[in-house]
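Here's the letter readout for the chains.
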Amino acid sequence: MMTRLTCVLAILVAFPLFAGPVRLTSESGGVTIEGDLVSRTGELFRLQTNLGLVTIDAGMMTCSGAGCPDPSELAIKASVVGSEDIVHRLFPALLEAYAASRGLSLGRTFVDDQNVSWQLTIEGSDRLLGSFDVKATSEREFDDMLVNGEATLGLSQNYGSADVKQDVVALDALVPAVAPDNPRAMVTLDQLKGLLRGDTRDWARLGGSNDPVTLHLSANVENDLSAFGLSDVRDDAVLQESNRTMADIVATDPTALGLLPYSELGNSVPLVISGACGLATPPTRDTIRAEDYPLTRQIFLQRVGSDQPKLVREFIAFSRSAAVQPLIRAAGFVDQAISEISFEQQGGRIANAVLAAGQDPDAIADVQAMIGTLLNGARLTLTFRFEDGSSALDPQSVSNIQRLADAIADGAFEGSNLLFVGFSDGIGEKDANLRLSERRAQSVRRAVSARASDSSVALEVAAFGELMPMACDDTPWGGRVNRRVEVWVKPSEVTR
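All values reported here derive from a predicted model rather than from experimental measurement.

> For the side chain of K490, give the residues involved together with the corresponding values.
Turning to its location among the elements, K490 is positioned in strand β24 (residues 484-491). Buried charge without a partner: K490 forms no salt bridge, and the closest opposite charge is E460, 8.3 Å away. From its side chain, K490 meets the backbone oxygen of L375 in a polar contact 3.1 Å long.

As structure tokens, then:
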């Protein structure tokens, strides 16, 4: 069945033509195909050649000859929708880098505060290859436009339906923020909920100054509240249309509390959230990359169907590549480049494991064995986590399978071994948790091995169950953070 999206893109409708001679030449000039143009389906040309009928993807090829359609008919018109901070900060960075990688010129036309049009042309010519019309939308409008075929691409922090194809292209996080001179550095989750609901209305109740708490929230507050399991907040919360405005206000007001994306903290600082057990992970680039910070959010590049024009297909592939990671970071978002966290930098996590073991001799021996296994290694900022109540990997982890396989294929770990280390939450019987953490580590290792089968890098498995918690198990998000498979890199001679 033809969808509205394919109608908008005009890529499934064939145009019968009078036969005419054409010559298609690749951008490099190395490939030339000649024949009579019989019909055209968007960028797909059907030619009668001396070898018979052939179908050619003519996207970004040069057409000459009497049978060529007007160049303006071949220009792709695509639309992009998403929240303002993403489509007007992240998308331009991706598109500019793509244009530079292809040697294309990029033009920009401002329509209004919500709409911008970008034009891609061949360098040194006026030939328009395509345009991307970008619109900032609400989350509700975004879903309707993408699924109904009114948009070609979407950039969103919301995971789409089964009909939507999506890739994680960047990361962000939801962060409670305060002014730098606010004396409070950490709150428990229950204390934060009290601040949001209005149960706690002055900082003195949390050991701070004797000042009222001024709460600032985004206009799209529903999504923020759902992260904390809340449906409403105090009735005098100040709604801000712009995260940038909120960050400026919070940074200069020691009584203020705001909920902000990590990418737009500005001069405000994070208020770290701890669980009832005292464990806490502050938001940093590394903890967000590894999904250790519980309120990490993926940014998805989404589309419906797989019949996008070549220009759009190439842009999607480029947006997933290693080449764009520094540009994503420069735009203020968290990239997915794989880096290493040395053993020495993880003293807090090791200390938590030692403290959790208490005086139990068996638990102490288990922790010692774990330390011996991980010593001389480094943890990668690439972690595999699972959907709630499921053994299925979450969206970022699915992307991480290919990302790690690509890094292995590129020789990033030559002379080293990779160790897939499984951990569990602390709910349930200890031995069952250990077995489950090993099964998950084996599952991830097999998935990566299948994508990197020709590599000489050894892929091994270790499992330690509930030995090294990252967060408290008393909340769903804490348990999810604890259920993970880490990847450690070690020199080959000291892996065992």
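> Describe helix α13 (residues 395-409), with residues and values.
Its 15 residues give α13 an end-to-end C-alpha distance of 22 Å, which sits within 8% of 21 Å, the value for a rise of 1.5 Å per residue. Buried within α13 are the following residues: P395, Q396, S397, S399, N400, I401, R403, L404, A405, A407 and I408. Where α13 terminates, the next one or two residues include G411, which has phi positive at roughly 85 degrees.

> Explain the pairing of strand β6 (residues 76-82) to me, and be specific about the residues and the numbers.
Counting buried positions over the 7 residues of β6 gives 6, a clear majority of the element. Where β6 meets strand β9 (residues 128-136), 7 bridges bridge the pair, whose relative direction is parallel. Pairing of G82 across the sheet is with A136, part of β9. As defined by bridge partners, β6 adjoins strand β10 (residues 153-156) across 3 bridges and the pair is classed as parallel. Opposite V81, over in β10, you have G154 as the bridge partner.

> Residue-level account of the state of the cysteines, with values.
Across all of its chains, the model carries 2 disulfides by this definition. Put simply, C63 and C68 are joined by a disulfide, and their sulfur atoms are 2.0 Å apart. Taking the torsion about the S-S bond as the criterion, the C63 to C68 disulfide, at about -95 degrees, is left-handed. Between the sulfur atoms of C277 and its disulfide partner C472 the distance amounts to 1.9 Å. What sets the handedness of the C277 and C472 disulfide is the S-S torsion sign, and at about -95 degrees it is left-handed. Here C472 lies in the loop between β23 (459-463) and α15 (476-482) and C277 lies in the loop between β17 (272-274) and α8 (285-289), a separation of 195 residues in the sequence. On the accessibility criterion, C472 (5% relative accessible area) is buried. Along the protein chain, the cysteines engaged in disulfide bonds are linked according to the scheme 1-2, 3-4 when indexed in sequence order.

> Which residues make up unusual backbone geometry, and what values go with them?
Positioned with a positive phi, E291 is a non-glycine residue whose angle comes to about 60 degrees. By the secondary structure assignment, E291 is in the loop between α8 and β18 (296-304). You can call E291 buried: its relative accessible area is 2%.

> Tell me what's going on with the nonpolar core, and back it up with residues and numbers.
Ranked by internal contacts, the top residues of the largest apolar core, which has 39 residues, are L192, L196, F228, L257 and I273. Breaking this core down by element, the ones donating at least two residues are β11 (164-178), α5 (189-197), β13 (214-218), α6 (221-226), α7 (243-252) and β15 (256-261). With 7 residues, β11 is the largest single contributor of residues to this core. Those residues within four positions of L257 in sequence are excluded, and the remaining contacts are P176, A177, V178, L192, L195, W203, V213, T214, L215, H216, V250 and L271. Counting residues in hydrophobic clusters, the runner-up holds 37 residues, among them A97, V134, A170 and A331.

> Tell me about the pattern of salt bridges, and please be specific about residues and values.
Two side chains bearing opposite charge may form a pair once their charged atoms approach each other closely. Applying the stated rule across the entire model yields 22 salt bridges. Note that R313 is salt-bridged to D57, the shortest N-O span being 2.8 Å. Here D57 lies in strand β4 (residues 52-57) and R313 lies in helix α9 (residues 310-319), a separation of 256 residues in the sequence. The class for D57 is partly exposed, based on a relative accessible area of 27%. Close ionic contact of K430 with D366 constitutes a salt bridge, the shortest N to O distance being 3.1 Å. Taken as a pair, K430 in helix α14 (residues 430-451) and D366 in helix α12 (residues 361-374) lie far apart in primary sequence, 64 residues in all. Taking the relative accessible area as the measure of exposure, D366 reaches 29% and is therefore partly exposed.

> Explain helix α4 (residues 139-147) to me, using residue names and the numbers behind them.
For α4, every residue scored as buried is listed here: E139, F142, M145 and L146. Buried residues along α4 cover an arc of 125 degrees about the axis, so they all sit on one side. Buried residues along α4 sit against β6, β9, β10, β11, α6 and β18. Two or three places before E141, at the opening of α4, S138 has a side-chain oxygen 3.2 Å from that residue's backbone nitrogen. Where α4 ends, the next residue or the one after it, G149, has phi of about 85 degrees, a positive value.

> Explain the packing of helix α11 (residues 347-357) against α12 to me, and be specific about the residues and the numbers.
Close contact between α11 and α12 brings their axes to 8 Å; oriented N to C, the two are set at 160 degrees. By the angle between their axes, α11 is roughly antiparallel relative to α12. Here α11 runs over α12; the crossing is right-handed. The segment α11 lies against α12, with I350, A353, V354 and A357 engaging A363, I364, V367, M370 and I371. Residue composition of the contact of α11 with α12, grouped by class: 9 nonpolar, no polar and no charged.

Basis of the calculations
- Residues numbered from 1 in each chain as written.
- Predicted model: local features only at pLDDT ≥ 70, side-chain atom pairs only at ≥ 80, totals over all residues.
- Heavy atoms only, no water.
- Helix = DSSP H or I, 4+ residues; strand = E, 2+ residues; numbered from the N terminus.
- Buried < 20%, exposed > 50% of the residue type's maximum accessible area, 1.4 Å probe, protein only.
- Lys, Arg positive; Asp, Glu negative; His and termini not counted.
- Salt bridge = Lys/Arg side-chain N within 4 Å of Asp/Glu carboxyl O.
- Polar contact = N/O pair within 3.5 Å; in protein donor to acceptor, adjacent residues only side chain to side chain.
- Expected span 1.5 Å × (residues − 1).
- Pairing = 2+ DSSP bridges.
- Disulfide = S-S within 2.5 Å.
- Core = buried A, V, L, I, M, F, W, Y, C linked by side-chain atoms within 4.5 Å.
- Contact = heavy atoms within 4.5 Å.
- Arc of directions from axis to C-beta.
- Axes fitted to C-alpha atoms, helices over the stretch in contact; angles between N-to-C directions.
- Parallel < 35°, antiparallel > 145°, perpendicular 65-115°, else oblique.
- Left-handed = near helix turned anticlockwise from the far one by under 90°.
- Nonpolar A, V, L, I, M, F, W, Y, C, P; charged D, E, K, R; others polar.

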